[in-house]
Structure formats: structure tokens, C-alpha cells
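Understanding the architecture of this molecule
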Amino acid sequence: MTDRYDLDHVALAAADTSEALQFLTGELGGTILFGGQAVGFRPMQVWLGTGAGEGMPVELLEPWAVDRNDFLARFVARHGAGPHHLTFKVPDLAAALERVTGAGFHPVNIDLRDPEWKEAFLMPREAHGTVVQLAESHGHPATRKALLDHVAEHGPNTNPRWWTEPSAPTGHGILRRVVLRTPSLPAALSFFAGVLQGDVEAETTAAADLVWPRGARVRLEVDGRDGANPGVDRLEVIGLAHERTVAGTRFVPTGS
């Protein structure tokens, strides 16, 4: 794992993610990396990129075992299907928590019990319209290519496999960037570049492009309309023929 914070994936939530899975694996030719079951939700992660590691994963989340934990079911019922969170890997979660609390943020749902996966969350009111997950993970391949090579040889890590057979690929899409709206570009840059350690690739008065160590990208776009909600607006995909909305999320073609 990098010594810096690193944007790992974007997560989408829906009551039923089967349509999204068929889109990601079929039209976009994505590769399932892993999936399983946890109390309250079932996750599955799909790689949208090249075998060399260019691109970004999309995680699909759907409610499961809601009688034991209904947090995701309540989220979907309240907001509908759509983007749920961005996950940033950090080298030391305890140190990251000191850093963000020192900067005036209020992380919630802090869980340090599992030595292989420690996590905490920043809520949308502080994280510019989206949930941000901070995670310290161990025991996983250090690079995207190593993970993709492992999956190519052994198949996805599933515990258990709960989804239907994915579609045969009909295209190849690369997730280029996640685009977020913000009413204040300086404040959003202070958060995503200053707190979450993104490198600014380009900046104008209307937008800024940031990149993290393994190549995941975010574009911040100013949206000054009255009543406009900050947060994830769309996912931009190289190789996508036409705009599609799946799991409540806009997938938009881009050429660069």
C-alpha cells in the first residue's frame, strides 16, 4: 500500500444491483474482483480498466440481512439508488483520524477491531456531498496489476458468490474519473487535495482535476445554481458509446 492516501473505488447502492452488474461486465467489459456478504449489505467490486492497472473499480452494494442491520436499506429508501461513497485507503487509520479531527472533521462509525480492515467515515455534510470512507487494509495485493493477475489466475475472491452469472463482454470501458459538483471550488480543493492528498493535475475557476497514486481521478466542477446539491454527478468512461444511467448513476462517455 502507498504511504499516501489513495482513492480506491467508488461505491454505488441499489435495492437490486443485477442490472448494474450486467452493464458493467457486458457493455463495459468489467472484471469482477471480489464479492461477499456482510451484516446489512452485499458488496461486489468490478474493475473498469486495463490489465496494466489504468482505471478504477466500481463497488456495487445492495441491502442484505436487513433484519440485523438496515442502514443500507434505509439509505436506498430515503435517497433512491445512486452513488453511496468514495473509499480512500490510508496507511494508518489511527493517524488519519488524528489528522482529520485536528482539521475540524467529525469521523463516525469508527471500527478498529479487524487488523486487516479498519475503517471510519466522513458524512456528506463535511465531505462535500458524498460519504467518504477512510480504510486501512492489509493482506491484499499491493498494486492493481498484482490484483488483476491474481484474479486472472484464481478468479474473483468470493465469500460467498451471491450474484447471477455476469454478461459476456461486448465492449471495453475504462473508468476515467468521478465528477463531483461543488458550490465552492476552493473549499472542495482544500478537502480533496489538502485533507485527502490528491494531486492537482489541472485547475481553472470552474473545475479542477485531481489524481491519486494508483491513478484514480476526481474532477471537481463548480455548480452555483440555487438549490443544487453537491456530490457525485457522474462517472466518465472511456470506450462507452452512449450515456447510460444504472444503479441511479450516470455513466457518461469521455474521450480523455
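Structure: see above.
An account of the accompanying structure is given in this report. As the structure is a prediction and not an experimental result, all values here were calculated from the model. (Residues numbered from 1 in each chain as written. Predicted model: local features only at pLDDT ≥ 70, side-chain atom pairs only at ≥ 80, totals over all residues. Heavy atoms only, no water.)

Right, let's get into the overall build of the protein chain. Across its full length, the protein chain carries five helices and 16 strands. Rg of the C-alpha trace for the protein chain: 17 Å, near the compact-globule value of 18 Å for 256 residues, within the 12% margin. For the protein chain, the C-alpha atoms occupy an extent of roughly 45 × 45 × 35 Å along the three principal directions. Looking at the 256 residues of the protein chain, the share that counts as buried comes to 48%. Of the accessible surface of the protein chain, which amounts to about 11,700 Å², a share of 50% is contributed by carbon and sulfur atoms. (Helix = DSSP H or I, 4+ residues; strand = E, 2+ residues; numbered from the N terminus. Rg over C-alpha atoms; globule rule 2.2 N^0.38 Å. Buried < 20%, exposed > 50% of the residue type's maximum accessible area, 1.4 Å probe, protein only. Areas by Shrake-Rupley, 256 points an atom, 1.4 Å probe, with all protein chains shown as cover.)

Before going further, it helps to examine the pattern of salt bridges. In this structure the tally under the stated criterion is 21 salt bridges. For K89, the salt bridge identified is with D8, shortest N-O distance 3.6 Å. Taken together, the residues span a long stretch of sequence, with K89 in strand β5 (residues 82-89) and D8 in strand β1 (residues 6-13) at a distance of 81 residues. Both residues of the pair, K89 and D8, belong to the buried class. Ionic pairing is found between R181 and D233, a salt bridge with its closest N-O pair at 2.7 Å. Here R181, found in strand β10 (residues 174-182), pairs with D233, found in strand β14 (residues 231-238); they are 52 residues apart in sequence, far enough to count as distant. Here R181 matches D233 in class, with each residue buried. One connected set of salt bridges, linked through shared partners, spans R177, R181, E221, D223, D233, R234, E236, E243 and R250. (Salt bridge = Lys/Arg side-chain N within 4 Å of Asp/Glu carboxyl O.)

Turning our eyes to something else, we now look at the side chain of E119. Mapped onto the fold, E119 is located in strand β7 (residues 117-122). Reaching out from E119, the side chain makes a polar contact with the side chain of W117 at a distance of 2.9 Å. (Polar contact = N/O pair within 3.5 Å; in protein donor to acceptor, adjacent residues only side chain to side chain.)

Within the secondary structure, G102 is located in helix α3 (residues 93-102). Judged by its relative accessible area of 68%, G102 is exposed. Considering only alpha carbons, one finds G102 and I238, 136 residues apart in sequence, at a separation of 38 Å.

With that settled, consider the sheet that holds β14. Either a parallel or an antiparallel arrangement is found when strands of a sheet pair, and the pairing is made through backbone hydrogen bonds. Strand order in the open sheet made by the seven strands is β11-β12-β13-β10-β14-β16-β15, with mixed pairing throughout. Taken across any chain shown, the strands that pair with only one partner, and hence form the sheet edges, are β11 (199-203) and β15 (244-246). The mean angle between the axes of side-by-side strands here comes to 30 degrees, regardless of whether they run parallel or antiparallel. Alignment of β10 against strand β13 (residues 217-222), held across five bridges, turns out to be parallel. Along β13, the bridge assignment pairs V179 with R219. (Pairing = 2+ DSSP bridges. Axes fitted to C-alpha atoms, helices over the stretch in contact; angles between N-to-C directions.)

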